[in-house]
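Descriptive structure summary
One letter stands for each residue in the lines below.
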Amino acid sequence: MSDTRLSVLKTYKLYVGGKFPRSESGRVYEVTDSKGRWLANAPLSSRKDARDAVVAARKAFGGWSGATAYNRGQVLYRVAEMLEGRRDQFTREVADAEGLSKSKAAAVVDATIDRWVWYAGWTDKIAQVVGGGNPVAGPFFNLSSPEPTGVVAVLAPQESSFLGLVSVLAPVIATGNTAVVVASEKSPLPVLSLAEVLATSDVPGGVVNVLSGRTAEIATPLAAHQDVNAIDLAGADEALAKELEIAAADNLKRVVRPQPVDYAETPGIDRMTAFLETKTVWHPTGSLGASGSSY
């Protein structure tokens with residue numbers, strides 16, 4: 001046999017509704033490494049792809065938000081297990097995307113897996129932190145509990161292609177929302193590979209949908225979409241963020257504006273609470289006698 005062979009080049013695709021379609025436009029764009037060397041062709045998503053992703057996210061919302069918090073935690077932990085098994089692949093992709101040495105890229109991948117585990121652990125605890133019983137005057141129980149906002153558009157950070165991505169995606173789905181992710185325009189390959197992990201884990205199709213291409217082109221219809229409930233503008237520059245925030249106001253979307261973040265630092269709970277609604281329920285305690293509540 002000949003010692004020379006042609007490499008099997010990978011065809012990257014979108015991830016929408018648990019499937020891997022090409023962009024409906026048929027377009028692709030070149031992705032290069034930090035030194036300008038060609039890495040792959042990535043799909044160049046269109047407005048139609050964005051709308052399809054929202055439909056898939058909405059369809060998946062009922063089942064995902066209705067799952068128990070414990071179950072969501074187990075599903076997210078399974079993703080971390082699978083990321084650990086593909087650690088070498090992601091180390092190569094992060095090294096190429098961010099111009100890091102192999103050892104530094106490996107440290108980023110390890111931190112990313114740990115971050116995913118961290119959010120998996122929060123799924124059944126966040127309600128205890130932000131919910132509770134409220135003291136009221138009268139014979140009533142008054143209870144507040146968090147509920148997911150709905151479909152969230154997430155603009156992935158442009159520079160932190162993997163750790164930053166997981167730091168903005170994981171809190172959205174950990175709290176029961178579904179997501180439409182716009183990958184880093186410059187470095188989309190790690191998130192497109194993450195989609196393959198999600199597809200072969202226990203995450204239901206449609207809970208996470210991944211689009212690659214021009215951030216402004218994809219984000220504009222998402223910000224204006226009437227069935228998108230919130231948007232994280234982490235990957236937008238200041239001018240684009242202002243434009244998207246104006247569009248998002250049309251249906252009163254929750255908006256997280258871009259801000260300087262050191263994704264290596266331990267995150268707080270802000271990105272989880274940003275996409276939670278608080279439901280308050282009143283319930284009569286029954287008759288109150290001289291000795292106090294009948295309960």
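Presented here is a report on the structure given in the accompanying data block. These numbers come from a predicted model, not from an experiment. (Residues numbered from 1 in each chain as written. Predicted model: local features only at pLDDT ≥ 70, side-chain atom pairs only at ≥ 80, totals over all residues. Heavy atoms only, no water.)

**Here we look at the sheet that holds strand E4 (residues 140–148)**
Strand order in the open sheet formed by 3 strands is E3-E4-E10, and the pairing between neighbours is antiparallel. Of all the strands in the sheet, the pair left with one neighbour each is strand E3 (132–133) and strand E10 (276–284). With 9 bridges joining them, E4 and E10 adopt antiparallel strand pairing. Across the sheet, residue Leu 143 finds its bridge partner in E10, namely Val 281. (Pairing = 2+ DSSP bridges. Helix = DSSP H or I, 4+ residues; strand = E, 2+ residues; numbered from the N terminus.)

**A few points about helix H9 (residues 238–248)**
All of the buried residues along H9 are Leu 240, Ala 241, Leu 244 and Ala 248. The buried side chains of H9 occupy one side of the element, clustering within an arc of 100 degrees when seen end-on. The exposed set on the far side of H9, more than 90 degrees from its buried face, consists of Glu 238, Ala 239, Lys 242 and Ile 246. (Buried < 20%, exposed > 50% of the residue type's maximum accessible area, 1.4 Å probe, protein only. Arc of directions from axis to C-beta.)

**Considering the pattern of salt bridges**
Side chains carrying opposite charge are able to pair once their charged atoms draw close together. In the structure shown here, the tally under the stated rule is 16 salt bridges. Glu 217 is the partner of Arg 27 in a salt bridge, and the nearest nitrogen-oxygen pair spans 2.9 Å. With a gap of 190 residues between them, Arg 27 in the segment before strand E1 (28–32) and Glu 217 in helix H8 (residues 215–224) connect regions that are remote in the sequence. Here Glu 217 falls in the partly exposed class, since its relative accessible area comes to 29%. Between Asp 110 and Arg 87 there is a salt bridge, with its nearest N and O atoms 2.6 Å apart. Of this pair, Asp 110 sits in helix H4 (residues 102–122) while Arg 87 sits in helix H3 (residues 87–98), and the two are 23 residues apart along the sequence. On the accessibility criterion, Arg 87 (26% relative accessible area) is partly exposed. (Salt bridge = Lys/Arg side-chain N within 4 Å of Asp/Glu carboxyl O.)

**Section: the pairing of strand E6 (residues 178–182)**
In terms of burial, E6 is largely enclosed, as 5 of its 5 residues are buried. As defined by bridge partners, strand E5 (residues 151–155) adjoins E6 across 5 bridges and the pair is classed as parallel. When the sheet's bridge partners are listed, Val 151 is paired in E6 with Thr 178. Handedness of the β-α-β unit built from E5, helix H6 (residues 163–174) and E6 comes out right-handed. Of the pairings in the sheet, the one linking E6 to strand E7 (residues 208–211) comprises 4 bridges and is parallel in character. Within E7, the residue paired with Val 181 across the bridge is Val 210. (Right-handed = clockwise from strand over helix to strand, strands pointing away.)

**Focus: the side chain of Asp 33**
Residue placement: Asp 33 occurs in the loop between E1 and strand E2 (38–43). Asp 33 sits in the buried class, given a relative accessible area of 9%. Aside from chain neighbours lying at most four places away, what touches Asp 33 is Leu 39 and Asp 96. (Contact = heavy atoms within 4.5 Å.)

**Brief notes about helix H1 (residues 47–66)**
Given a rise of 1.5 Å per residue, 20 residues ought to cover 28 Å, and the 29 Å separating the end C-alpha atoms of H1 matches this to within 8%. The largest bend along H1 reaches roughly 40 degrees and is located at Ala 60. Along H1, the residues classified as buried are Asp 49, Ala 50, Ala 53, Val 54, Ala 56, Ala 57, Ala 60, Phe 61 and Trp 64. With a side-chain oxygen lying 3.3 Å from the backbone nitrogen of Lys 48, the N-terminal cap of H1 falls on Ser 46. (Expected span 1.5 Å × (residues − 1). Bend = angle between axes of the 7 residues up to and from the residue. Polar contact = N/O pair within 3.5 Å; in protein donor to acceptor, adjacent residues only side chain to side chain.)

**Regarding the side chain of Thr 123**
Within the secondary structure, Thr 123 is located in the loop between H4 and helix H5 (126–130). With a relative accessible area of 5%, Thr 123 lands in the buried category. A polar contact of 3.3 Å, which involves the side chain of Thr 123, links it to the backbone nitrogen of Gly 73. Of the polar contacts made by the side chain of Thr 123, one reaches the backbone oxygen of Ala 120; its length is 3.2 Å. In this structure, Thr 123 is in contact with Ala 69, Arg 72, Gly 73, Leu 76 and Ala 174, ignoring residues within four places of it in sequence.

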